[in-house]
Amino acid sequence: TPPSQPAKLALLIGVDKYKSAAVRPLQGAVNDIRLMRDVLIGKFGIAPENIKMLANEQATHKAIVDAIKDHLIAKANKGDVVVLHFSGHGSQMKDVSGDEIDKLDETLVPYDSRTDGVFDISDDEINGLLQQLTKKTKNVTFIFDSCHSGAASRGGNAVRQIEPDPRIPPAPPDYAISAREAEGDADFRPT
């Protein structure tokens with residue numbers, strides 16, 4: 001019997017429009033994930049049914065976290081290839097876990113952020129989800145096309161930025177991990 005090929009899973013998130021008037025709209029984030037989908041299918045052989053896309057109103061805080069858990073973590077097995085692409089605003093919010101020197105967590109801004117009771121997705125949340133995912137497979141690529149995306153950088157001089165959320169966020173969810181001991185060379189965890 002020939003060895004089975006690893007599964008390839010992708011979650012593509014693009015947000016141009018935001019529910020809150022406090023967050024300026026973008027142009028091109030949804031187009032970015034459509035193009036990424038084409039690349040993942042055509043060049044990297046990811047089956048269309050293994051690609052989940054969340055665009056604009058679909059990309060709520062809850063929907064993004066649920067998709068990471070249900071589409072990536074729950075389905076991934078040892079040796080599988082997993083891609084998460086986020087194109088949209090990044091920002092910062094107050095650090096409630098106390099692990100940030102500047103007292104600000106870096107964040108991804110979902111569609112419904114900055115509305116009553118809804119906050120950005122913190123780097124601690126991403127870290128906790130990433131650790132769950134990398135326990136299942138080490139073949140994980142996260143692509144963040146956003147401001148405040150860690151040590152990642154991008155060319156050009158057009159800055160897409162929104163102000164940090166000044167509200168005090170609630171306690172982090174159970175899956176969020178603020179531990180800083182496992183950082184790699186790029187200040188991104190895990191290596």
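Read on for a plain summary of the structure. Source: prediction; values computed, not measured. (Residues numbered from 1 in each chain as written. Predicted model: local features only at pLDDT ≥ 70, side-chain atom pairs only at ≥ 80, totals over all residues. Heavy atoms only, no water.)

## Quick notes on the nonpolar core
Right, so step 1: If you look at the biggest cluster of nonpolar residues, it comprises 31 residues, and the most contacted ones within it are Leu11 and Ile13.
Right, so step 2: Contributions of two or more residues to this core are made by β1 (8-14), α2 (61-73), β3 (81-87), α3 (123-134) and β7 (139-145).
Right, so step 3: No other element matches α2, which puts six residues into this core.
Right, so step 4: Discounting residues that sit within four places of it in the chain, Leu11 has contacts with Lys52, Leu54, Ile64, Ala67, Ile68, His71, Leu72, Val83, Leu84 and His85. (Core = buried A, V, L, I, M, F, W, Y, C linked by side-chain atoms within 4.5 Å. Buried < 20%, exposed > 50% of the residue type's maximum accessible area, 1.4 Å probe, protein only. Helix = DSSP H or I, 4+ residues; strand = E, 2+ residues; numbered from the N terminus. Contact = heavy atoms within 4.5 Å.)

## Describing the packing of α2 against α3
Right, so step 1: One can describe the packing of α2 onto α3 by two numbers: an axis separation of 10 Å at closest approach and a directional angle of 10 degrees. Classed by the angle they form, the pair α2 and α3 counts as roughly parallel. The handedness of the crossing between α2 and α3 comes out as right-handed. Residues His61, Val65, Ile68, Lys69, Leu72 and Ile73 of α2 form the contact with α3, whose participating residues are Glu125, Leu129, Gln132 and Leu133.
Right, so step 2: For the contact of α2 with α3, the class distribution of residues is six nonpolar, two polar and two charged. (Axes fitted to C-alpha atoms, helices over the stretch in contact; angles between N-to-C directions. Parallel < 35°, antiparallel > 145°, perpendicular 65-115°, else oblique. Left-handed = near helix turned anticlockwise from the far one by under 90°. Nonpolar A, V, L, I, M, F, W, Y, C, P; charged D, E, K, R; others polar.)

## Quick word on empty space enclosed by the protein
Rolled over the atoms, a probe with the dimensions of a water molecule shows which regions are left empty.
Right, so step 1: Scanning the model with the defined rule gives one cavity of 30 Å³ or more in all.
Right, so step 2: Approximately 40 Å³ is the volume found for the largest cavity.
Right, so step 3: Together, Ile13, Ile64, Ile68, Leu84, Phe86, Leu108, Ile121, Ile126 and Phe144 line the largest cavity.
Right, so step 4: At the level of secondary structure, the elements contributing two or more residues to the lining of the largest cavity comprise α2 and β3.
Right, so step 5: Per-class residue counts for the lining of the largest cavity are nine nonpolar, no polar and no charged. (1 Å grid on protein atoms, 1.4 Å probe; cavity = no way out; pocket = protein on both sides within 12 Å on 5 of 7 lines; lining within 4 Å. Points joined across faces, edges and corners; volume = space filled by probe spheres on them.)

## Considering the layout of surface pockets
Right, so step 1: A volume near 250 Å³ is recorded for the second largest pocket.
Right, so step 2: Looking at the lining of the second largest pocket residue by residue, the class counts come to ten nonpolar, four polar and five charged.

## Considerations on the pattern of salt bridges
Right, so step 1: Going through the model one piece at a time under the given rule, you end up with four salt bridges.
Right, so step 2: Here Asp165 makes a salt bridge to Arg114, at a shortest N to O gap of 3.6 Å. Pair noted here: Asp165 is in the segment after β7 and Arg114 is in the loop between β5 (104-108) and β6 (121-122), with a separation of 51 residues, a long-range link. Across the pair, exposure class does not vary: Asp165 and Arg114 are buried alike.
Right, so step 3: Between Asp165 and Arg167 there is a salt bridge, and its shortest N-O distance comes to 2.7 Å. (Salt bridge = Lys/Arg side-chain N within 4 Å of Asp/Glu carboxyl O.)

## A closer look at the sheet that holds β7
Right, so step 1: Spatially, β2-β1-β3-β7 is the arrangement adopted by the four strands of the open sheet, whose pairing is parallel. Whereas interior strands pair on both sides, the edge strands pair on one side only; in this sheet they are β2 (51-55) and β7. Averaged over all adjacent pairs, the angle separating strand axes in this sheet is 5 degrees, with direction ignored.
Right, so step 2: Looking at chain direction, β3 and β7 are connected through seven bridges and run parallel. Counted as the bridge partner of Ser87 is Asp145 from β7.
Right, so step 3: Relative to β1, α2 is tilted by about 170 degrees, and along the sheet it contacts β1, β2 and β3. (Pairing = 2+ DSSP bridges.)

## Considering unusual backbone geometry
Right, so step 1: The phi dihedral of Asn56 falls on the positive side, at around 50 degrees, and the residue is not glycine.
Right, so step 2: On the secondary structure map, Asn56 appears in the loop between β2 and α2.
Right, so step 3: Overall, Asn56 belongs to the buried group, its relative accessible area being 10%.
Right, so step 4: Unlike most non-glycine residues, Lys103 shows phi in positive territory, near 65 degrees.
Right, so step 5: Residue position: Lys103 is located in the loop between β4 (90-94) and β5.
Right, so step 6: Overall, the relative accessible area of 60% leaves Lys103 in the exposed class.

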